[in-house]
Amino acid sequence: MTGALLFLTALVAAESVTAFVDVVAGIAFHVVLMFLLILLSSHAAPPLHKLYLALALVPLIRIVSLSMPSSEISQTYRYLLISLPLFIGMLVAIRVLRFRPSDVGLTLDSPVLQGLVACTGVGFGWIEFVILRPDPLVANLTLGEVIPPALILLVATGFVEELAFRGIIQRSAEETLGSWGWVYTAVVSSVLYIGYLRLSVGQWIFVLLAALFFGWVVKRSGSLLGVTLSHGTINIVAYIVLPSLIH
């Protein structure tokens, strides 16, 4: 628990530097943090070594997202480009940690529950839109314009992020920290949004509550399907549908 709390403190510091001081300094902070976690993983005893290696995905996410050029490509395809190296890193982590697909939620268990969870993305998406009021990712709500970015959001933000947090990290946290590892994972994933959006306290609480809900669902069902669809739907509603209708 000490190591896990120290990482959480360092992550808050890194995200604060990124959001409120300097992006380059934030990237440097995350690079040091990532390599430190990999080093600790190689020396820690089981199962703590799994948690350290899984947590190294968190600074990797920020390094890739902050380093990706933002002016040369559209925001939609930027999500896709960011997700590709992250997905490769996750596959490597799964192999090194010797996780089976079912260990990280890649199952179709509890299909009725998964469908109900997927539907929560509409409500969560509406709340996120009200909080953030983002600009629309598409000019018009036509099938030709909506389908490509919707699929990208579903895969790049829904599946990839949930595989990282509710799959690899949550599994490692539960093996190391016990049954409340899903709560720790939710806090870690919510902290990462500080640097993304410079959230207020109220906005951060909403992100935390959504992360806790997703973590609880995966803990109970053992599947990422519902939370993946819900997460993707949140972004589709908040960044494509509602902005286009209201703007």
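Since the structure is predicted, the reported quantities are computational estimates derived from the model, not experimental observations. (Residues numbered from 1 in each chain as written. Predicted model: local features only at pLDDT ≥ 70, side-chain atom pairs only at ≥ 80, totals over all residues. Heavy atoms only, no water.)

Caption draft 1: Local environment of helix α4 (residues 57–67). Summarising burial for α4: eight of the 11 residues are buried, a large majority. Within the span of α4, buried status applies to L57, V58, P59, I61, R62, I63, V64 and S65. (Buried < 20%, exposed > 50% of the residue type's maximum accessible area, 1.4 Å probe, protein only. Helix = DSSP H or I, 4+ residues; strand = E, 2+ residues; numbered from the N terminus.)

Caption draft 2: Inspection of the nonpolar core at higher detail. Counting 52 residues, the largest nonpolar core has F7, V58, M90, F165, I168, Y184 and V188 as its most contacted members. In terms of residues, this core owes the most to one element, helix α7 (residues 143–177), which gives eight residues. Discounting residues that sit within four places of it in the chain, F165 has contacts with V58, I61, Q170, T185, V188, S189 and L192. (Core = buried A, V, L, I, M, F, W, Y, C linked by side-chain atoms within 4.5 Å. Contact = heavy atoms within 4.5 Å.)

Caption draft 3: Here's a closer look at the packing of aromatic side chains. In total, this model carries six aromatic pairs according to the counting rule given. With centroids separated by 6.3 Å and ring planes inclined at 90°, the aromatic side chains of F124 and F214 adopt a geometry described as edge-to-face. Note that F124 is positioned in helix α6 (residues 111–132) and F214 in helix α9 (residues 201–221), a separation of 90 residues in sequence. F214 matches F124 in its accessibility class, with the two residues each being buried. Members of the aromatic cluster, connected to one another through ring pairs, are F124, F206, F213 and F214. (Phe/Tyr/Trp six-rings, centres within 6.5 Å; stacked < 30°, edge-to-face > 60°.)

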